[in-house]
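Chain residues, written in single-letter form:
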Protein chains: 2
Amino acid sequence: MLTGGDVDVVAGLLTLRERQPLAIFATRAIHDVLDANPIFEVLNREVVAREVLSLGAPVSLGCGLTLELFAVPGKVPLYMEDGSDAPPIVAGETTVGAKIVHGTQALFFIPGCAAITPDLAGRLHHADVVFFDGTLWRDDEMIVAGLGAKTGRRMGHMSMAGQDGAIAAFHDLGVRRKVFIHMNNSNPVLLEDSPERAEAEAAGWEVAEDGMEIVM
Amino acid sequence: MLTGGDVDVVAGLLTLRERQPLAIFATRAIHDVLDANPIFEVLNREVVAREVLSLGAPVSLGCGLTLELFAVPGKVPLYMEDGSDAPPIVAGETTVGAKIVHGTQALFFIPGCAAITPDLAGRLHHADVVFFDGTLWRDDEMIVAGLGAKTGRRMGHMSMAGQDGAIAAFHDLGVRRKVFIHMNNSNPVLLEDSPERAEAEAAGWEVAEDGMEIVM
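The rules behind each value
- Residues numbered from 1 in each chain as written.
- Chains lettered and ligands numbered in written order.
- Predicted model: local features only at pLDDT ≥ 70, side-chain atom pairs only at ≥ 80, totals over all residues.
- Heavy atoms only, no water.
- Helix = DSSP H or I, 4+ residues; strand = E, 2+ residues; numbered from the N terminus.
- Rg over C-alpha atoms; globule rule 2.2 N^0.38 Å.
- Buried < 20%, exposed > 50% of the residue type's maximum accessible area, 1.4 Å probe, protein only.
- Contact = heavy atoms within 4.5 Å.
- Areas by Shrake-Rupley, 256 points an atom, 1.4 Å probe, with all protein chains shown as cover.
- Lys, Arg positive; Asp, Glu negative; His and termini not counted.
- Charge placed at Lys NZ, Arg CZ, Asp CG, Glu CD.
- Phe/Tyr/Trp six-rings, centres within 6.5 Å; stacked < 30°, edge-to-face > 60°.
- Buried area = accessible area lost by both parts, 1.4 Å probe.
- Salt bridge = Lys/Arg side-chain N within 4 Å of Asp/Glu carboxyl O.
- Polar contact = N/O pair within 3.5 Å; in protein donor to acceptor, adjacent residues only side chain to side chain.
- Pairing = 2+ DSSP bridges.
- Axes fitted to C-alpha atoms, helices over the stretch in contact; angles between N-to-C directions.
- Least-squares fit on C-alpha atoms with pLDDT ≥ 70 in both.
- Patch = residues over 30% accessible without salt bridge, like charges linked within 9 Å, V, L, I, M, F, W, Y side chains within 5 Å.

A.B. asks: Explain the overall build of chain A here, please?
C.D. replies: The helix and strand tally for chain A stands at six helices and nine strands. Its C-alpha atoms give chain A a radius of gyration of 17 Å, within 12% of the compact-globule value 17 Å for 216 residues. Projected onto its principal axes, the C-alpha positions of chain A cover 50 × 45 × 30 Å. Here chain A holds 216 residues, and 45% of them are scored as buried. Here the contacts in chain A between residues at least 6 apart in sequence split such that 63% fall between residues at least 24 apart. As displayed, chain A has an accessible area near 10400 Å², and 53% of this comes from carbon and sulfur atoms. Across chain A, the centroid of the 16 positively charged side chains sits 4 Å from that of the 30 negatively charged ones.

A.B. asks: Help me understand the packing of aromatic side chains, please; the structure alone is not making it clear to me.
C.D. replies: Any pair of aromatic rings gets described here by the distance separating the centres and the angle formed by the planes. Residues and elements named next belong to chain A. Scanning the model with the defined rule gives eight aromatic pairs over all chains in all. Pairing F132 with F170 gives two aromatic rings, centres 5.0 Å apart and planes at 70 degrees, and the pair type is edge-to-face. On the criterion of sequence distance, the pair formed by F132 in strand β7 (residues 129-133) and F170 in the loop between α5 (166-169) and β8 (177-181) is long-range, its members being 38 residues apart. Summarising the burial analysis for this pair, F132 and F170 share the class buried. Three or more aromatic residues joined by ring pairs form one cluster here, namely F132, F170, F180 and W205.

A.B. asks: I'm lost on the interface of chain B and chain A in this one. Help?
C.D. replies: Reports often express the size of an interface as the amount of accessible area lost when the parts come together. Each partner contributes to the interface: chain B provides 17 residues, whereas chain A provides 17 residues. Surface buried jointly by chain B and chain A totals about 1600 Å² across both partners, of which 70% is contributed by carbon and sulfur atoms. If you look at where chain B meets chain A, you find zero salt bridges. At the boundary of chain B and chain A, one finds two residue pairs in polar contact (both at pLDDT 80 or more).

A.B. asks: Would you mind showing me how to read the pattern of salt bridges here?
C.D. replies: Side chains that differ in sign of charge can pair as their charged atoms come close. Applying the stated rule across the entire model yields 28 salt bridges over all chains. A salt bridge links E81 of chain A to K75 of chain A; the nearest nitrogen and oxygen atoms lie 2.8 Å apart. Residue E81 of chain A is classed as buried on the basis of its relative accessible area of 18%. Taking relative accessible area as the criterion, K75 of chain A reaches 9% and is therefore assigned buried. The closest approach of N and O atoms between R176 of chain B and D128 of chain B, which form a salt bridge, is 3.5 Å. Of the two residues, R176 of chain B is situated in the loop between α5 (166-169) and β8 (177-181) and D128 of chain B in the loop between α3 (118-124) and β7 (129-133); the sequence distance between them amounts to 48 residues. The class for D128 of chain B is buried, based on a relative accessible area of 13%. One salt-bridge network, held together by shared partners, links R28, D32, D35, E41, R45 and R50 of chain A.

A.B. asks: What exactly am I supposed to notice about the pairing of strand β5 (residues 90-102) of chain A here?
C.D. replies: For a regular strand, the rule is simple: side chains alternate between the two faces of the sheet. All names here are of chain A. Examined bridge by bridge, strand β4 (residues 65-74) and β5 share nine bridges and lie antiparallel to one another. Residue pairing across strands places L67 opposite I100, the latter belonging to β5. Looking at chain direction, β5 and strand β6 (residues 105-110) are connected through five bridges and run antiparallel. Its bridge partner lying in β6, V101 is registered against A106. In sequence, β5 turns back onto β6 through a hairpin of two residues, with G103 there showing a positive phi of about 60 degrees.

A.B. asks: Would you take a moment to explain the sheet that holds β4 of chain A for this structure?
C.D. replies: Across a sheet, paired strands are connected by hydrogen bonds in the backbone, their directions being either parallel or antiparallel. Residues and elements named next belong to chain A. Across the sheet, which stays open at both edges, the seven strands sit in the order β3-β4-β5-β6-β7-β8-β9 with mixed pairing between neighbours. On the outer flanks of this sheet lie β3 (59-62) and β9 (205-207), each paired with one strand and no other. For this sheet, the mean angle separating the axes of adjacent strands, direction not counted, is 30 degrees.

A.B. asks: Help me understand the sheet that holds strand β9 (residues 205-207) of chain B in this model?
C.D. replies: Residue and element names in this part refer to chain B. Spatially, the seven strands line up as an open sheet ordered β3-β4-β5-β6-β7-β8-β9, and their pairing is mixed. Two strands lie at the open edges of the sheet, namely β3 (59-62) and β9, each paired on one side alone. Pairs of neighbouring strands in the sheet enclose a mean axial angle of 30 degrees, with direction left out of account.

A.B. asks: Which parts of the structure should I look at to understand the relation of the copies chain B and chain A?
C.D. replies: Two copies of the chain are present, and they differ by a rotation about an axis and a shift along that axis. Its rotation angle being 180 degrees, the transformation that places chain B on chain A also includes 0.0 Å of axial translation and leaves an RMSD of 0.0 Å. Put plainly, the chains are arranged around a two-fold axis. Relative to the rotation axis, the C-alpha of N37 of chain B is the closest in chain B, positioned 2.2 Å from it. The share of interface residues of chain B whose copies in chain A are also at the interface is 100%, consistent with both copies meeting through the same surface.

A.B. asks: Looking at this structure, how should I read a negative patch on the surface?
C.D. replies: Residues and elements named next belong to chain A. Taken together, the side chains of E192, D193, E209 and D210 define an acidic patch exposed on the protein surface. In this fold, E192 is placed in the loop between β8 and α6 (195-202). For E192, a relative accessible area of 65% puts it in the exposed group.

A.B. asks: Looking at this structure, I do not really get the environment of F109 of chain B. What am I missing?
C.D. replies: Residues and elements named next belong to chain B. You can see F109 is positioned in strand β6 (residues 105-110). By relative accessible area, which is 28% here, F109 ends up partly exposed. Sequence separation between F109 and T3 is 106 residues; the distance between their C-alpha atoms is 8.6 Å. When residues no more than four places from it in sequence are discounted, the contact partners of F109 are M1, T3, G97, A98, F131 and I181.

A.B. asks: Just checking my understanding: could you explain the environment of S84 of chain A for this structure?
C.D. replies: Structurally, S84 of chain A is set in the loop between β4 and β5. The sequence separation of S84 of chain A and P118 of chain A amounts to 34 residues, and the corresponding C-alpha distance is 29 Å.

A.B. asks: Is there a simple way to explain the side chain of N187 of chain A in this structure?
C.D. replies: Residues and elements named next belong to chain A. With respect to the helices and strands, the residue N187 is situated in the loop between β8 and α6. Note on N187: relative accessible area 2%, which makes it buried. Ignoring anything within four residues of it in the chain, the contact list for N187 reads G134, T135, L136, W137, E141 and M160.

None of the figures reported here should be taken as evidence of function without further support.
Here you go:
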């Protein structure tokens, strides 16, 4: 299940070749990105199904699971930018979140998100688990560290901290488990003894790690 | 320096983003593969030079090093095959070897090769180091192991063993150090205690490993 067309989302497909059967679930716009890059034909279409999902239309995955994709604010993939200074943040088919439901429990997977709109807040209200975009702690973090010229906002990511950050936005949503994913290596929340980690945990957040398992 | 357009050669470029300055040396045909896949635009052309080399035309890399690309027998990348049973083995710009010269010493890097032609044998004669295609031990190895339906030949690789294998072909070439690279995980030469490893070593071959350094 692909939530976007950027390299960090789709490049892993290239390691699933050559004849490993699987199904790729994504919106039409994200499938179009794959279709526009012949290298992904290494995933032989005879054994790898490309399933096109419409936004807001749940599909059954079997085993009692359903998957729904929905738009979140984001930008087009980096390599599809047109060179302008600031590509627009839009909510469409190119950046999506996923809702996976089993019985009465719902899990959300949102690795890239530029803002939490009232619509998105409504979706997440009282969710059981939300995996959420934790790219940066603060918007100018990479600039301050001398790692790059872009803000988080410019990259299509909202930050963790601050009045317009994810921690504040989730404060009243009543989500049972909140887990940050997709951290950039500049994010101090990755350090277990940092004040930022303490602040995130005090607000009820967990920081994902390799091999993490969640049982509810 | 790219020796082909297949996934194992080019996918690593996607981890060198986003603004890391480097130069990509390849033939026109291999650059055409990158150009045909917009995802590689993530390597910003303002900081990543795409240098087109002609076959047989050495270029200076600085530091006294020169690089020359030359054609070796091979096939088009898997994802560019037209679906026919057996794509032709040809010697052209899509599968190449590299010769790197420093002073009087020459190193050859040939990770994919379908056959050693008299022309190629002539090139390699008395070379100091040759890194060579060690994909399979024997041509039907993946079929016998139940791992796939293809022979090595079908994939554009000659095998190590047998009368028409690499070990036999290098027997009289007088290469100072011969190192197998690009081994498939089905190749028993990877096992240090296998008879195949012993046979390769008895013929003067080394099997490459991560972190290997060669000093001459």
